[in-house]
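A closer look at the structure
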Amino acid sequence: MTPKNDRFLRALRREPVDCTPVWLMRQAGRYLPEYRATRKEAGSFLAMAKNPEIACEVTLQPLRRFPLDAAILFSDILTVPDAMGLGLYFVEGEGPKFERPVRDAAAVAKLAVPDMETELRYVMDAVRTIRRELDDAVPLIGFSGSPWTLACYMIEGGGSKDFGRIKAMAYSEPALLHQLLSVVTDAVIAYLGAQRAAGAQALQVFDTWGGVLSPALYREFSLKYLQRIASELKRGEGAERTPLILFGKGNGPYIDQLAACGAEALGVDWTVSLEDAAWRSKGKVALQGNLDPATLYASPDAIRTQVREVLDSYMHGNGGSRDGHVFNLGHGMSPDMDPEHVAVLVEEVHAYSRR
Ligand code: CP3
């Protein structure tokens, strides 16, 4: 079924649209009072994500407030390592943690691809529930972490400042790290494929930590696995393609190689100009981004100015056309952002880009 509002899917296919579509990474979250209320009732983030009805409710909350052009599944990238037996939990103010991080060859050898319709059934049920409730108003985005980014959490056991453990493994035991990345890549491909089968109409891979690598290590430990994901997901797709978006923080230096992966779109952060990114990707992919999220702390007038800059930057790099651009932030929203400012952003994207 084609959604009633298909601007987002059309832009990903680089087809003409009436105005530039917009959605925001972390558009569902603590900056919304209704999210905080639902979270209080459910008890915790994980309790929300593991309950398909609540995950659906929270997915729809930002769409009731703002005329966003896509919904994103309310879940987390760490559901996959959790299903692999690592034991995900959250410590208030400290972020995600694993009870059983992967620290040696024996732990790597024990990793296996989880079953998508048993261990990760709650995610697929959430996708199906959201599709039913959305009733084709806007498309639904499914997502996964990239193998490298998931490996960071699996090996570090949580967030990290310097990624010392995983980098030590990359330098001193590269074969062991490749063994881990290989299983995780199989899991990511199965996970995205299952979300697609359950009804996700576009898929995004979050490579949040690819940018912490040197260029040589990025190619060996992140890019190579992104390429494998793109080629395996695209294999066997007919005319009906489910667009794949590769988002990476700090992926600016690798636009050229990423554009050749076979994905339909690249998501970029605000440290690269869209003009430059569009020029370097030469019309091979759509581009998604890339307003600095901190712009949302500024005044409404400043937000409007910055939105226009991003829209025009893309257009200048894309031969004077706004086609093939999905507006987004360069990274996710923060809990202390003002919903009124989000309304200003979304309105300005549509108004200024209207053809
Ligand atoms: O964009 C959306 O609205 C969809 C939902 C979504 C969440 N996490 C919900 C969430 C998505 C796409 C993610 C992906 C995710 N999770 C990433 C990659 C994206 C990125 O930011 O680059 C990463 C690195 C994670 C791991 C993770 N999960 C972190 C670092 C945190 C924050 C912890 C904290 O204390 O703020 C989470 C929890 C999380 N995932 C929240 C939300 C809304 C906050 C939950 C809460 O406390 O209510």
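Residues numbered from 1 in each chain as written. Predicted model: local features only at pLDDT ≥ 70, side-chain atom pairs only at ≥ 80, totals over all residues. Heavy atoms only, no water.

**Observations concerning the confidence of the model for the chain**
Within the chain, residue pLDDT values average 97, and 100% of them lie at 70 or more. Interface confidence for the predicted complex, given as ipTM, is 0.93, next to a pTM of 0.97. (pLDDT = per-residue confidence, 0-100.)

**A closer look at the packing of aromatic side chains**
Both the distance between ring centres and the angle between the ring planes are used here to describe each pair of aromatic rings. Scanning all chains against the criterion turns up 7 aromatic pairs. Relative to Tyr254, the ring of Tyr218 lies with its centre 3.8 Å away and its plane at 10 degrees, an arrangement referred to as stacked. You can see Tyr218 sitting in helix 11 (residues 215–234) and its partner Tyr254 sitting in the loop between strand 6 (244–248) and helix 12 (255–259), a full 36 residues away along the chain. Residue classification places Tyr218 among the buried residues on the basis of a relative accessible area of 1%. Looking at Tyr254, the relative accessible area reads 5%, which means it is buried. (Phe/Tyr/Trp six-rings, centres within 6.5 Å; stacked < 30°, edge-to-face > 60°. Helix = DSSP H or I, 4+ residues; strand = E, 2+ residues; numbered from the N terminus. Buried < 20%, exposed > 50% of the residue type's maximum accessible area, 1.4 Å probe, protein only.)

**Quick look at the UniProt feature "binding site: substrate" (unreviewed entry) in the chain**
Those residues carrying the UniProt feature "binding site: substrate" (unreviewed entry) are Arg26, Gln27, Ala28, Gly29, Arg30, Asp76, Tyr153, Thr208 and His331 in this numbering. Considering the C-alpha atoms alone, the annotated residues occupy 306 residues of sequence and remain spread out, their largest mutual distance being 22.7 Å. Examined against the element boundaries, Ala28 turns out to sit in the loop between helix 1 (7–12) and helix 2 (33–42). Setting aside anything within four residues of it in sequence, one finds Ala28 in contact with Tyr35, Val58, Pro62 and Phe74. When residues no more than four places from it in sequence are discounted, the contact partners of Arg30 are Tyr35, Arg36 and Pro335. (UniProt positions renumbered as here; feature names shortened; annotations may be inferred. Contact = heavy atoms within 4.5 Å.)

**A word on the pattern of salt bridges**
Under the defined criterion, the tally for this structure stands at 28 salt bridges. Of the charged contacts in the structure, one is a salt bridge between Glu15 and Arg10, with a shortest N-O distance of 3.5 Å. Assessed through its relative accessible area of 26%, Arg10 is described here as partly exposed. A salt bridge links Asp82 to Lys50; the shortest N-O distance between them is 3.1 Å. In this pair, Asp82 sits in helix 5 (residues 79–86) while Lys50 sits in the loop between helix 3 (45–49) and helix 4 (52–65), placing the two residues 32 residues apart along the sequence. (Salt bridge = Lys/Arg side-chain N within 4 Å of Asp/Glu carboxyl O.)

**Considering the site of the ligand**
In the region of the ligand, 23 residues are neighbours, and Arg26, Arg30, Tyr35, Arg39 and Thr208 sit closest. Arg26 is positioned with one of its backbone polar atoms (N or O) 2.6 Å from an oxygen atom of the ligand. Relative to its unbound accessible surface of 890 Å², the ligand loses 89% to contact with the protein. Counting only elements with at least two residues in the shell around the ligand, the list comes to helix 2 and strand 3 (95–98). (Near = heavy atom within 4 Å. Polar contact = N/O pair within 3.5 Å; in protein donor to acceptor, adjacent residues only side chain to side chain. Areas by Shrake-Rupley, 256 points an atom, 1.4 Å probe, with all protein chains shown as cover.)

**Structural notes on unusual backbone geometry**
Asn290 follows Gly289 through a cis peptide bond whose omega is -10 degrees. Structurally, Asn290 is set in strand 8 (residues 286–291). We note that Arg14 has phi near 65 degrees; this positive angle belongs to a residue other than glycine. Tracing the chain through its elements places Arg14 in the loop between helix 1 and helix 2.

**Focus on the nonpolar core**
Inside soluble globular proteins, nonpolar side chains tend to come together where they are buried. With 127 residues, the main nonpolar core has Phe8, Met84, Leu177, Leu246, Leu258, Phe327 and Leu345 as its most contacted residues. With 13 residues, the top contributor of residues to this core is helix 10 (residues 174–198). Once you skip the residues sitting within four places of it in the chain, Leu246 turns out to touch Val205, Leu226, Asn251, Leu258, Cys261, Ala263, Ala265, Leu266 and Gly267. (Core = buried A, V, L, I, M, F, W, Y, C linked by side-chain atoms within 4.5 Å.)

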